[in-house]
Amino acid sequence: RSLVVVHFWAPWAPQCAQMNEVMAALAKEHVQVAFVKLEAEAVPEVSEKYGISSVPTFLFFKNAQKVDRLDGAHAPELTKKVQRHASSSSLSAGTNDSAKEDLNVRLKKLINAAPCMLFMKGSPKEPRCGFSKQMVEILNKHGISFSSFDIFSDEEVRQGLKTYSNWPTYPQLYVAGELIGGVDIVKELEASGELDTVCPKAQKLEDRLKTLINKAPVMLFMKGSKQVAKCGFSKQIIEIINNTGIDYETFDILEDEEVRQGLKTYSNWPTYPQLYVKGELVGGLDIVKELKESGELLPILKGEN
């Protein structure tokens, strides 16, 4: 088949059930497309291979090659992507213009996703070309805060950004939505001393973690949010805390890889969720369950213990 859409889902997530209904409707409309459901937590090696950190996530394959992905329960976006990929071989000129416009909107969003955005081959931890590796090293050396996008993960972005920015090679560095350039330009800025004034400085990770932990008297670091938990453990812990009636805030560690990895080291606690009261780590789901059973949870959440 020309297009395969794989839905990584979980039975405990209501948003996945909704998206399964959307997929069933799309399957009737696009009989030439194969729609597949995979329970993400049942196939951890596959989920890890494709970077599935939350559900629902959709991957699009053509000729056994990944061509696109969609994170989250976005029915209109899923419909749009299926339509675009399913009919890409027979697009009319008018539809091509429309697809180009959609791509430009998407590129603009990606460029503005962070104050400093790096489009590179691979990730900062695992650059997949020498120029990307040099760029990451320079930015890290100067303590510059940046987010990145792996252009190998999306062929449409990889080709489209070259035209959009009129810059034919990668990596590409953007600050405040404006193209700075590639590694040669960044080296020149470094040599002239301008790089530190052009790019935003990173707040020290330890200071940032302290600020986040103390953002509210009761802080929960979890996968997802109060409204939409994105793993079974996070779902259980918010149900327990909600039943106490205590006010609390959450931080979605799936939205920030630096916090996700850094907090494990900072707190010496390797898993999520993590619950903090007045800046002190209480523990994860098992500890919270024990405290609930012993009657100690409410006093601790109130800061009495």
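Residues numbered from 1 in each chain as written. Predicted model: local features only at pLDDT ≥ 70, side-chain atom pairs only at ≥ 80, totals over all residues. Heavy atoms only, no water.

To continue, consider the domain arrangement of the protein chain. Partitioning the protein chain into structural domains gives domain 1 (3-87), domain 2 (103-198) and domain 3 (206-302). For domain 1 versus domain 2, the separation of C-alpha centres amounts to 28 Å. Interface area, domain 1 with domain 2, both sides summed: about 340 Å², of which 30% is carbon and sulfur. The largest share of the area that domain 1 buries against domain 2 comes from Lys 66, Val 67 and Arg 84, three residues that together contribute 62% of it. Linking domain 1 to domain 2 there are 1 salt bridge. There are 1 residue pair in polar contact (both at pLDDT 80 or more) connecting domain 1 and domain 2. Those elements that provide at least two residues to the side of domain 1 that touches domain 2 are strand S4 (65-71) and helix H3 (75-86). (Domains from an automatic or database assignment. Buried area = accessible area lost by both parts, 1.4 Å probe. Salt bridge = Lys/Arg side-chain N within 4 Å of Asp/Glu carboxyl O. Polar contact = N/O pair within 3.5 Å; in protein donor to acceptor, adjacent residues only side chain to side chain. Helix = DSSP H or I, 4+ residues; strand = E, 2+ residues; numbered from the N terminus.)

An ideal rise of 1.5 Å per residue puts 16 Å on 12 residues; H3 measures up with 16 Å between its terminal C-alpha atoms. Taken together, the buried positions of H3 are occupied by Leu 78, Lys 81, Val 82, Arg 84, His 85 and Ala 86. (Expected span 1.5 Å × (residues − 1). Buried < 20%, exposed > 50% of the residue type's maximum accessible area, 1.4 Å probe, protein only.)

Mapping Asn 20 onto the fold places it in helix H1 (residues 14-29). Those residues in contact with Asn 20, other than ones at most four positions away along the chain, are His 7, Trp 9 and Lys 37. (Contact = heavy atoms within 4.5 Å.)

If you walk across this open sheet you meet the 4 strands as S10-S9-S11-S12, and the pairing is mixed. Each edge of the sheet is formed by a strand with only one pairing partner; in this case those strands are strand S10 (249-252) and strand S12 (280-283). Neighbour to neighbour, the strand axes of the sheet diverge by 30 degrees on average, direction disregarded. Relative to strand S11 (residues 274-277), strand S9 (residues 218-222) runs antiparallel, the two being bridged by 4 bridges. Its bridge partner lying in S11, Phe 221 is registered against Gln 274. Helix H9 (residues 205-213) rests against S9, S10 and S11 of the sheet, and its axis sits at about 120 degrees to S9. (Pairing = 2+ DSSP bridges. Axes fitted to C-alpha atoms, helices over the stretch in contact; angles between N-to-C directions.)

Now for the sheet that holds strand S7 (residues 172-175). Read across the sheet, 4 strands follow the order S6-S5-S7-S8 without closing on themselves; strand pairing throughout is mixed. Two strands lie at the open edges of the sheet, namely strand S6 (147-150) and strand S8 (178-181), each paired on one side alone. Strand-to-strand twist in this sheet, taken as the mean axis angle between neighbours without regard to direction, amounts to 25 degrees. Bridge count for S7 against S8 is 3 bridges, and the pairing is antiparallel. The residue of S8 that forms the bridge with Val 175 is Glu 178. Running at roughly 160 degrees to strand S5 (residues 116-120), helix H5 (residues 130-141) makes contact with S5, S7 and S8 of the sheet.

This part is about the pairing of S11. Going residue by residue along S11, you find Gln 274 and Tyr 276 tucked away on one face and Leu 275 and Val 277 tucked away on the opposite face as well. Where S11 meets S12, 3 bridges bridge the pair, whose relative direction is antiparallel. If you follow Leu 275 over to S12, its bridge partner there is Gly 283. Between S11 and S12, which pair antiparallel one after the other, the connecting turn spans 2 residues, and Lys 278 there sits at a positive phi close to 50 degrees.

Attention now goes to the side chain of Thr 57. With respect to the helices, strands and loops of the structure, Thr 57 is situated in strand S3 (residues 57-62). Not counting residues within four places of it along the chain, the set of residues in contact with Thr 57 comprises Val 6, His 7, Phe 8, Ile 52, Arg 69, Leu 70 and Asp 71.

Moving on to the packing of aromatic side chains. A complete count under the given rule lists 5 aromatic pairs for this structure. Residues Tyr 50 and Phe 61 carry aromatic rings whose centres are separated by 5.6 Å and whose planes lie at 85 degrees to one another, so their mutual orientation is edge-to-face. Taken together, the residues Tyr 50 in the loop between helix H2 (44-49) and S3 and Phe 61 in strand S3 connect sequence positions 11 residues apart. Consider the rings of Phe 119 and Phe 149, whose centres lie 5.8 Å apart with planes at 45 degrees: the pair is tilted. Of this pair, Phe 119 sits in strand S5 while Phe 149 sits in strand S6; the two residues are 30 residues apart in sequence, bridging distant segments of the chain. Judged on exposure class, the residue Phe 119 and its partner Phe 149 are both buried. Through a chain of ring-to-ring contacts, the aromatic side chains of Phe 119, Phe 149 and Tyr 174 assemble into a single cluster. Just above the ring of Trp 9 sits the side chain of Lys 37; from NZ or CZ to the centre is 5.6 Å. Note that Lys 226 overlies the ring of Tyr 248, its terminal NZ or CZ placed 4.4 Å from the centroid. (Phe/Tyr/Trp six-rings, centres within 6.5 Å; stacked < 30°, edge-to-face > 60°. Lys NZ or Arg CZ within 6 Å of the ring centre and 35° of its normal.)

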